[in-house]
Every structure is written in C-alpha cells, then in structure tokens.
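# Commentary on secondary and tertiary structure
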Amino acid sequence: MSSTIGKKVLMALTGLFLITFLIVHLSGNLQLLADDGGKSFNIYAKFMTTNPFIKTTSYLLYTTFVVHIVWALLLTVMNRSSRPVSYAVNPGNVSSSWSSRNMGILGTVILIFLVIHMKNFWYEMHWGDIPTATYEGEVYNDLYAVVDFAFGNILYVLLYTVSMLALMFHLYHGFKSAFQTLGLNHPKYTPMIKTVGYAIAIISPALFACIPIIMYLK
C-alpha cells in the first residue's frame, strides 16, 4: 500500500479497530468506580492479562497502534510535500471542521498521553513492584492500588482530562472519515453513522475523564 489512498484505507481500518478497543477498554475501566475496594477491577485485570485469546489480541492491538501512528505521520509528510505552498482558502470553518484541520496536533497530544499512560500502568503491570490482594483465597495483583495512586496526583488527572478532550475531537473527525475513506457512504445510512460517531466521540472520552476525576475527589 504505497499510494496515498492505500495509506488512508489502512488508517481507516486501524482507526475503527482502535475505536472498538477503546469501547471495550472503557467497559473494564468503569469497574474502577465500583465501591468494592478494587475487587471487580482486579479480577477483570487478571482475566485480561491471563486469557490466551486476550493476550494474543493484545499483540494485534500494539501492532495496530504503531501502524496507525506511522501511517498518520507518512500521510502528513506526503500531504505537506505535495503542497509546498499553502493555498489561498476560505476561512477554516467554511471549508472544514476544526478537528479535521488539527488531527496532527490532536494525535500528538494523544500520543504523548499514551506514552505516559503506558509507563504508569502497562510497564508497572509487567515489571513494577505491585502489591497483591486476596479474594476467596486467590491472589491477585492489586492494580487498583496502582491506579488509585496515580489518580491521586492532580497533575496526572489534569493531563488525563485534557487528553480525553483531544481524543473527543480526534474521534469526532476520525470515525466519519473512516467510513468515507472505505466508500461506505449512503444517503440512508450516513446520517446514522454520523450520529453513532458523535455519540462515541462525546460519551467515551467523557466517561474516561470521569474516572480519574471521581477517584481523585474520593
């Protein structure tokens, strides 16, 4: 897929896969808010880190992240090199949305957040000194304690919240653009696709942002 169209198709496919992961990840993270001292989340986390199918899928997820990021950078470079001189255009809000014109900036904010997020949680989960908790005689890594400690830092909570705002705009443009790129536009279904896209773009980041805010306030 050396052409620009090929890269855009791959971006669309990887983007839709990442959105699916995002929703699944949110459903698990919401268990952090259960009033059970972290039991629900720790049991969920153990299942996600020991189930063979989930572990195999995680490698696909990591690969998708890398491909999505690399292809985004390549498309940005190709677009800029094909237009060395900026065109005279109408004001941005007339010809395109703010999110579509700033996908690079939004993606960079999200990437920085992901690096910090992976270090604080994914790295600690695999190589950190994690406390344990016992439920019904079975020992679990107390990942809830790790998350609770991280969300006790107001700076990290603010970073998380701002990053979710960037994610909201990124999803707002990315979801509908993915379907356009794949040629799945249809007068009957496009309005529904846009509505679903808006719902995902607003609800998912909002719920993600609520988790650290609520845990910090508690």
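The sections below set out a description of the structure shown in this document. What you see is a predicted model; the values in this text were computed from it and never measured.

## Focus: the overall build of the chain
The secondary structure content of the chain amounts to 9 helices and 2 strands. Listed by position from the N terminus, the elements making up the chain come as α-α-α-α-α-α-β-β-α-α-α. C-alpha extents for the chain along the principal axes are approximately 65 × 35 × 35 Å. Relative to its full complement of 218 residues, the chain shows a buried share of 32%. A sequence separation of at least 24 residues applies to 77% of the contacts in the chain between residues at least 6 apart. Of the roughly 13300 Å² that the chain leaves accessible, carbon and sulfur atoms contribute 69%. The positive charge centre, built from 13 side chains, and the negative charge centre, built from 8, are 28 Å apart in the chain.

## Regarding empty space enclosed by the protein
Scanning the entire structure with this criterion turns up 1 cavity of 30 Å³ or more. Around the largest cavity sit Lys 176, Phe 179, Gln 180, Asn 185, Thr 190, Ile 193 and Lys 194, which together line it. Mapped by element, the contributors of at least two residues to the lining of the largest cavity are α8 (154-181) and α9 (190-217). Residue composition of the lining of the largest cavity, grouped by class: 2 nonpolar, 3 polar and 2 charged.

## Some thoughts on the environment of Ser 99
Residue position: Ser 99 is located in helix α5 (residues 98-101). Classification of Ser 99 by relative accessible area gives buried; the value is 2%. C-alpha separation for the pair Ser 99 and Phe 169, spaced 70 residues apart in sequence, amounts to 5.5 Å. In this structure, Ser 99 is in contact with Leu 106, Phe 169, Tyr 172 and His 173, ignoring residues within four places of it in sequence.

## Digging into the packing of aromatic side chains
Scanning the entire structure with this criterion turns up 15 aromatic pairs. Ring plane angle 45 degrees and centroid distance 6.1 Å describe the contact between Phe 41 and Tyr 44, whose orientation is recorded as tilted. Linking Phe 41 with Tyr 44, this pair stays in helix α2 (residues 39-50), spanning 3 residues, or about one helical turn. Here the aromatic rings of Tyr 156 and Tyr 160 are separated by 6.2 Å at their centres, their planes lie at 65 degrees, and the arrangement is edge-to-face. Of the two residues, Tyr 156 and Tyr 160 both sit in helix α8, 4 residues apart, roughly one turn of that helix. A relative accessible area of 3% places Tyr 160 in the buried class. Chaining the aromatic ring pairs together yields one cluster made of Tyr 59, Tyr 62, Trp 122, Tyr 123 and Trp 127.

## Section: the layout of surface pockets
Looking at the second largest pocket, its volume works out to about 210 Å³. As for the second largest pocket, its lining consists of Lys 119, Asn 120, Glu 124, Asp 129, Ile 130, Val 146, Phe 149, Ala 150, Asn 153 and Tyr 156. For the lining of the second largest pocket, the secondary structure elements donating two or more residues are α6 (103-127) and α7 (143-150). Considered class by class, the residues forming the lining of the second largest pocket number 5 nonpolar, 2 polar and 3 charged.

## What to know about the side chain of Asn 29
Along the chain, Asn 29 falls in helix α1 (residues 4-29). Contact partners of Asn 29, with chain neighbours within four places excluded, come to Phe 41, Tyr 160, Phe 208 and Ile 211.

## Description of the pairing of strand β1 (residues 132-135)
Going residue by residue along β1, you find Ala 133 and Tyr 135 tucked away on one face and Thr 132 and Thr 134 left uncovered on the opposite face. Bridge count for β1 against strand β2 (residues 138-141) is 4 bridges, and the pairing is antiparallel. From the neighbouring strand, Ala 133 faces β2, where its bridge partner is Tyr 140. Between β1 and β2, which pair antiparallel one after the other, the connecting turn spans 2 residues, and Glu 136 there sits at a positive phi close to 50 degrees.

## Some words on the environment of Tyr 140
Structurally, the position occupied by Tyr 140 is in strand β2. Classification of Tyr 140 by relative accessible area gives buried; the value is 10%. In this structure the C-alpha to C-alpha distance between Tyr 140 and Ile 43, which are 97 residues apart in sequence, comes to 7.2 Å. For Tyr 140, the residues in contact, after removing those within four places along its chain, are Asn 42, Ile 43, Lys 46, Pro 131, Thr 132, Ala 133 and Tyr 135. Side-chain polar atoms of Tyr 140 contact the side chain of Glu 138, separated by 3.3 Å.

Conventions we followed
- Residues numbered from 1 in each chain as written.
- Predicted model: local features only at pLDDT ≥ 70, side-chain atom pairs only at ≥ 80, totals over all residues.
- Heavy atoms only, no water.
- Helix = DSSP H or I, 4+ residues; strand = E, 2+ residues; numbered from the N terminus.
- Buried < 20%, exposed > 50% of the residue type's maximum accessible area, 1.4 Å probe, protein only.
- Contact = heavy atoms within 4.5 Å.
- Areas by Shrake-Rupley, 256 points an atom, 1.4 Å probe, with all protein chains shown as cover.
- Lys, Arg positive; Asp, Glu negative; His and termini not counted.
- Charge placed at Lys NZ, Arg CZ, Asp CG, Glu CD.
- 1 Å grid on protein atoms, 1.4 Å probe; cavity = no way out; pocket = protein on both sides within 12 Å on 5 of 7 lines; lining within 4 Å.
- Points joined across faces, edges and corners; volume = space filled by probe spheres on them.
- Nonpolar A, V, L, I, M, F, W, Y, C, P; charged D, E, K, R; others polar.
- Phe/Tyr/Trp six-rings, centres within 6.5 Å; stacked < 30°, edge-to-face > 60°.
- Pairing = 2+ DSSP bridges.
- Polar contact = N/O pair within 3.5 Å; in protein donor to acceptor, adjacent residues only side chain to side chain.

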